[in-house]
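One-letter residues, chain by chain:
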Amino acid sequence: MMHPTQDHSVADIDPHTLKQWLHDGAEIALLDVREHGQYGEGHLFYAAPVPYSRLEVDVVRLAPRRDVRMVVYDDGGADGTAARAARALAALGYACVRRLAGGIAQWQRDGYAVFAGVNVPSKTFGELAEEVFHTPRIGARELAERQRRGDDLIVLDGRPYAEYQKMSIPGGICCPNGELALRAHALARDPRTTIVVNCAGRTRSIIGAQTLINLGVPNPVYALENGTQGWYLEDLQLEHGARRRYDDVVAPQDLPALAQRSSKLAESHGVPAVDAKEVQEWLQDRARSTFLCDVRSAEEYAQGTLPGAQHTPGGQLIQATDQYLAVRGARIVVFDAEGVRAPVVASWLRQMGWDASVLREGALARLDNPVEKALAPQLPILTDAALADAIAQGAQLVDLRPSMRYRASHIAGARWAIRPRLDRLQLDAARFVVLLSEDAALAAWAAQDLRALGVNDIRANTGEPSGWSAQGIALACTPVEPADADCIDYLFFVHDRHDGNKAAARQYLAWETNLVKQIDERELAGYRFPAR
């Protein structure tokens, strides 16, 4: 089977030049195009995870301006993922793409640090915020004792509802960090009630508690030290499947005072309030990237948002900024419906170093912002019944689903693969191939790579094991196949810290608290905390 010819036209950038670019104040998108597991084992501090397997699906959302300065990198090995990614980006119209010469290996050889884990700039910010603000904290044992005594306190879980349901502090109420400014007063009406904010680990506990303190709530406020993991490490029982959450309705008479409080906080951090006319000009500015971020709840966002706006629930935008935008130095315009949540989110983004503003008209603004997506190549989609016929006709099955889902259940005889390693399959170009994928667009882009390898008769199926089984298709379970070393899409890094592994939980917390010791002076200077 033919392999695509090597293209040596991709321009390179050396690590020293890249380091200067990252701190020169101009926009830059640094993309780690390796798969999620590889990224999590070690990456550059400002890198956004944009795996090659999802590149065309995600990059237009993460870096919409086609002439933004962009650098891609991989391990620096022989697989050429970064070069392939650069060519794919050029095909999408990105005009200023460079490849890091020697990849992450050369970066390290030149004396620069790499960071394990995910959302590293955000988590580092959380640790620094605790140091700067001296955020009060309470240990798991003390909280449990105060609960046992029946003290007047409330536990607010600052994570999204799905995370909260997995495991939570007994009695805790789900109120994601982005909702605290709008909802906390109704959950703790008495100013004498102690409020404890928790997450799974540290960052959102700290930021959530400090949010309430920054807003000037009269209640005693604490971050639960080490979150649900700290609770578990003290051999305390967690709840699973809890359903307590904030009330959607906010009393209209409460809104003016809440908005005034949030506005005052935003002003203290230099957050501009901009009108729709100015934002419209920004959106048409070809020299800067502008991201519209809707920080409201998922339910509100589903009812309608502004054109081109991402759903970036406030707490998550602070916790995982690199999952929503990949352009360092870009403008971020946040908005809500009532002027309470967005100013608080923007105050944190400003301290993180972002050029963040609040849209004055909120979700009622009138903006012309056409949504652009990378159109996936055409690929025939088979129903589960048609898939059963294709198997009977001798189709070659390639399973592109996440490796852990393949391990749990897959079609007997299907081979697992991931897009950057399709060339390892040695497929028979004379027989047709069916790609099994949870996303038709991902399959379509993978099919394009297969065609470059000489395989032209390709179809896809987007089903799942239950549907396959209903068609009489035999399934298999292989708990150790693919081998761990091949599961480059899965982050094994303390992956079972929520599943009864105390050593993994301790390792994770040690990693989190050590982040501030790893950054250099220029990375530290990127944050903009108020003068102490």
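Just so you know, these numbers come straight off a predicted model, no measurement behind them. For every chain, the first residue of the written sequence is number 1, and numbering continues from 1 onward in sequence order. Reporting of local features is limited, given that this is a predicted model, to residues whose pLDDT is at least 70; pairs of side-chain atoms are given and counted only at 80 or more, and all residues count toward the totals for whole chains, interfaces and linings. The side-chain numbers reported here are obtained from all heavy atoms of the structure, hydrogens and water having been left aside.

Attention now moves to the overall build of the chain. Looking only at helices and strands, the chain has 22 helices and 22 strands in total. Projected onto the principal axes, the alpha-carbon positions of the chain cover approximately 75 × 50 × 45 Å. Among the 532 residues that make up the chain, the fraction classed as buried is 55%. Long-range pairs, those at least 24 residues apart, make up 77% of the contacts in the chain with a sequence separation of at least 6. Of the accessible surface of the chain, which amounts to about 22,500 Å², a share of 50% is contributed by carbon and sulfur atoms. Positive charges are assigned to Lys and Arg, negative charges to Asp and Glu, while His and the chain termini are left out of the count. Here the site of a charge means atom NZ of a Lys, CZ of an Arg, CG of an Asp or CD of a Glu. Computing the positive centroid from 58 side-chain charges and the negative centroid from 68, the chain places the two 2 Å apart. Where helices and strands are cited, they refer to DSSP runs of H or I of at least four residues and of E of at least two residues respectively, numbered from the N terminus. Only protein chains enter the accessibility calculation, which uses a 1.4 Å probe; a residue is then buried when its area is under 20% of its type maximum, exposed when over 50%, and partly exposed in between. For this analysis, residues touch if any pair of their heavy atoms sits within 4.5 Å. Surface exposure here means Shrake-Rupley accessible area, sampled with a 1.4 Å probe, where a residue is shielded only by the protein chains that are shown.

Attention now goes to the UniProt feature "domain: Rhodanese" (unreviewed entry) in the chain. Residues annotated by UniProt as "domain: Rhodanese" (unreviewed entry) correspond here to residues 24-116, 149-240, 294-373 and 391-477. The distance from the first to the last C-alpha atom of residues 149-240 is 23 Å, and the span holds 38% helix and 17% strand. In residues 391-477, the share of helix is 31% and the share of strand is 21%. The end C-alpha atoms are 18 Å apart. UniProt positions are given in the numbering used here, feature names are shortened, and annotations may be inferred rather than shown by experiment.

Let us now look at the packing of helix H12 (residues 255-268) against helix H16 (residues 341-351). The contact between H12 and H16 brings their axes to 8 Å, and the two run at 20°. If you check the angle between H12 and H16, you find them roughly parallel. Classified by chirality, the crossing of H16 by H12 is left-handed. Contacts between H12 and H16 pair Ser262, Ser263, Leu265 and Ala266 from the former with Pro343, Val344 and Ser347 from the latter. Residues are sorted three ways: Asp, Glu, Lys and Arg are charged, Ala, Val, Leu, Ile, Met, Phe, Trp, Tyr, Cys and Pro are nonpolar, and all the rest, Gly among them, are polar. Residues that form the contact of H12 with H16 fall into these classes: four nonpolar, three polar and no charged. Interaxial angle, 0 to 180 degrees, is taken between N-to-C directions of lines fitted to C-alpha atoms, where a helix line uses only the stretch in contact. Under this scheme an angle from 65 to 115 degrees is roughly perpendicular, one under 35 degrees roughly parallel, and one over 145 degrees roughly antiparallel; angles in between are oblique. A clockwise turn of the near helix away from the far one marks a right-handed crossing, whereas an anticlockwise turn of less than a right angle marks a left-handed crossing.

All right, on to the pairing of strand E7 (residues 153-157) then. E7 sits mainly inside the fold: five of its five residues count as buried. Across the two faces of E7 the burial is the same, with Leu153, Val155 and Asp157 and Ile154 and Leu156 all buried. A pair of strands is treated as paired once DSSP finds two or more bridges between them. With five bridges joining them, E7 and strand E9 (residues 194-198) adopt parallel strand pairing. Across the sheet, residue Val155 finds its bridge partner in E9, namely Val196. As defined by bridge partners, E7 adjoins strand E8 (residues 173-174) across two bridges and the pair is classed as parallel. Within E8, the position partnered with Leu156 by the bridge is Ile173.

Following the sequence through the fold, Pro220 ends up in the loop between helix H10 (203-215) and strand E10 (221-224). Linking Pro220 and Asp389, residues 169 residues apart in sequence, is a C-alpha distance of 65 Å. With residues near it in sequence (within four places) discarded, Pro220 still touches Pro191, Arg192, Thr193, Thr194 and Ile195.

Along helix H3 (residues 55-62), six of the eight residues are buried, which leaves the element largely enclosed by surrounding structure. Looking at H3, one finds that the buried residues are Leu55, Glu56, Asp58, Val59, Val60 and Leu62.

One open sheet accounts for five strands, arranged E11-E16-E15-E12-E13; its pairing is parallel. The open sheet is flanked by strand E11 (273-274) and strand E13 (310-311), the only strands paired with a single partner. Pairing of E11 with strand E16 (residues 355-359), which is carried by two bridges, proceeds in the parallel orientation. Opposite Val274, over in E16, you have Leu359 as the bridge partner.

What follows concerns the nonpolar core. In terms of nonpolar packing, the biggest core is built from 90 residues, with Leu18, Leu31, Met70 and Val334 touching the most fellow members. Apart from the residues lying within four places of it in its own chain, the contact partners of Val334 are Cys293, Val295, Leu317, Ala342, Val345, Ala346, Leu349, Ser357, Val358 and Leu359. In this description, a nonpolar core means a group of buried Ala, Val, Leu, Ile, Met, Phe, Trp, Tyr and Cys residues linked to one another through side-chain atoms lying within 4.5 Å. If you look at the next biggest cluster of nonpolar residues, it comprises 18 residues, including Val398, Ala417, Leu435 and Ala443.

Bringing the domain arrangement of the chain into the picture now. Here the domain parsing of the chain yields domain 1 (12-118), domain 2 (131-249), domain 3 (265-364) and domain 4 (381-479). How far each domain reaches was decided by an automatic or database domain assignment. With centres defined by C-alpha atoms, the gap from domain 1 to domain 2 works out at 37 Å.

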